[in-house]
Amino acid sequence: MDTKILAQNLRREISLYKELVAVLQGETRAVVERDYRGLYDVVVHKESILGSLEQAGRARDELTDRLCKELGMSRGETPLASIIEEIPCSVDQRDELRGLCDTLKALRDSAFEINKVNCQAVRTSLENINKTLGLLGNLLIKDTYEPTGRVGSLELKGSRLSEGV
């Protein structure tokens, strides 16, 4: 197998993860600033990137399956880093593949952490909304207007006009 194909695939995934990290940071800004239009745009862009990442991941899985067959290894849960060590290639190519794998792992970890922060920010925002709604719900008067213009026990200006006072 040509290591250039694997390196090319890893570079594609790296560029997608870099884009995802940037979009997730934009999502954080939109949530914090309560920019709902911006948040909508970010979510649409994020869905597009995730679809592309899924395709790139499937392509990488197919490449690693093929590599394992060629190397006589069982695929199972063998990590890509272990497979790279078994590929017959030059030291420079192996170092490049190791570096790409390390970069990919670091970007995945970054995306995961930013996503956790975003989830927590959204949860906190929802809790604040629910608290505010609960507070407002306690302040609302549940009675309706009476024929005299009164609302429950409150008298409004002009409510005694119908009584002839």
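Everything discussed here concerns the structure shown above.
Described in the following lines is the structure provided in the data block. All values reported here derive from a predicted model rather than from experimental measurement. Along each chain, the written sequence defines residue order, and numbers are assigned to residues from 1. For a predicted model such as this one, the threshold for reporting local features is a pLDDT of at least 70, and the threshold for listing and counting side-chain atom pairs is 80 or more; totals across whole chains, interfaces and linings nevertheless cover every residue. Side-chain numbers here rest on the full set of heavy atoms in the structure, without hydrogens or water.

### Observations regarding the overall build of the protein chain
The secondary structure listing takes helices from DSSP runs of H or I that are at least 4 residues long and strands from runs of E that are at least 2 residues long, numbered from the N terminus. Helix and strand counts for the protein chain stand at four helices and zero strands. Beginning at the N terminus, the succession of helices and strands in the protein chain can be written as α-α-α-α. Throughout this description, buried means an accessible area under 20% of the type-specific maximum (1.4 Å probe, protein chains only), exposed means over 50%, and partly exposed covers the range between. Among the 165 residues that make up the protein chain, the fraction classed as buried is 29%. Residue pairs at least 24 apart in sequence account for 58% of intrachain contacts in the protein chain once pairs closer than 6 positions are excluded. Throughout, a residue-residue contact means that at least one pair of heavy atoms, one from each residue, lies within 4.5 Å.

### With respect to the nonpolar core
The biggest cluster of nonpolar side chains holds 29 residues, and the ones touching the most others in it are L6, L10, Y17, L20, I84, I87 and L97. Breaking this core down by element, the ones donating at least two residues are α1 (3-33), α2 (36-71), α3 (80-86) and α4 (91-139). Broken down by element, the residue count for this core peaks at ten residues, all from α1. Each residue touching I87, except ones within four places of it in the same chain, is listed here: T3, L6, L67, L71, R94 and L97. Nonpolar cores are built from buried Ala, Val, Leu, Ile, Met, Phe, Trp, Tyr and Cys residues. Side-chain atoms within 4.5 Å join them into one set.

### Points about the pattern of salt bridges
The working definition used for a salt bridge is a side-chain nitrogen of Lys or Arg within 4 Å of a carboxyl oxygen of Asp or Glu. A complete count under the given rule lists ten salt bridges for this structure. Note that D95 is salt-bridged to R98, the shortest N-O span being 2.9 Å. One end of the pair is D95 and the other is R98, both in helix α4 and three residues apart, which spans about a single turn. With relative accessibility at 39%, the residue D95 sits in the partly exposed group. The exposure class of R98 is partly exposed, given its relative accessible area of 34%.

### A short note on the environment of N9
Mapping N9 onto the fold places it in helix α1. Judged by its relative accessible area of 11%, N9 is buried. On a C-alpha basis, the gap between N9 and G57 in space is 8.8 Å, while along the polypeptide they are 48 residues apart. Excluding residues within four positions of it along the chain, N9 makes contact with A56, A59, R60 and L63.

### Structural notes on the side chain of T3
Here T3 shows up in helix α1. Taking the relative accessible area as the measure of exposure, T3 reaches 8% and is therefore buried. In this structure T3 touches I87, C89, Q93 and L97, once residues within four positions along its chain are discounted.

### Description of α2
By this rule, a helix spans an expected 1.5 Å times one less than how many residues it contains. Taking 1.5 Å per residue, 36 residues should reach 52 Å; α2 reaches 51 Å between its end C-alpha atoms and fits that length. A positive phi of about 75° marks G72, the residue just after α2.

### A look at α1
Side chains of residues three or four places apart in an α-helix project in the same direction, reflecting 3.6 residues per turn. Compared with the 45 Å implied by 1.5 Å per residue over 31 residues, the 45 Å span of α1 between its first and last C-alpha is a close match. One or two steps after α1, the chain reaches R34, where phi turns positive at roughly 55°.

### Considerations on the side chain of E27
Relative to the helices and strands, E27 is located in helix α1. Here E27 is in contact with L39, V42, V43, K46, N115 and N118, once residues within four sequence places are set aside.

### What about the packing of α1 against α2?
Relative orientation and spacing of two packed helices are given, respectively, by the angle between their axes and the distance between those axes. Note on geometry: axes are lines fitted to C-alpha atoms, helical ones only across the stretch in contact, with angles between N-to-C directions running from 0 to 180 degrees. Where α1 meets α2, the axes come as close as 9 Å, and the angle between the chain directions of the two elements is 160°. By the angle between their directions, the pair α1 and α2 is classed as roughly antiparallel. Judged by the sense of rotation from one axis to the other, the crossing of α1 with α2 is left-handed. Asp, Glu, Lys and Arg are counted as charged, while Ala, Val, Leu, Ile, Met, Phe, Trp, Tyr, Cys and Pro are counted as nonpolar; the rest, among them Gly, fall into the polar class. Classifying every residue of the contact of α1 with α2 gives 20 nonpolar, six polar and six charged. Roughly parallel refers to an angle under 35 degrees, roughly antiparallel to one over 145, roughly perpendicular to one between 65 and 115, and oblique to any angle outside these ranges. Each crossing is labelled by how the near helix is turned from the far one, with a counterclockwise turn of less than a right angle marking it left-handed and a clockwise turn marking it right-handed.

### Some details on a nonpolar patch on the surface
Taken together, the side chains of V122, L126, I129, L133 and L136 define a hydrophobic patch exposed on the protein surface, amounting to about 440 Å² of accessible area. By the element assignment, I129 lies in helix α4. Surface patches are drawn from residues lacking salt bridges whose relative accessible area is over 30%; two like charges belong together within 9 Å, two nonpolar side chains (Val, Leu, Ile, Met, Phe, Trp, Tyr) within 5 Å. Only the protein chains shown count as covering a residue, and every accessible area follows the Shrake-Rupley method with a 1.4 Å probe.

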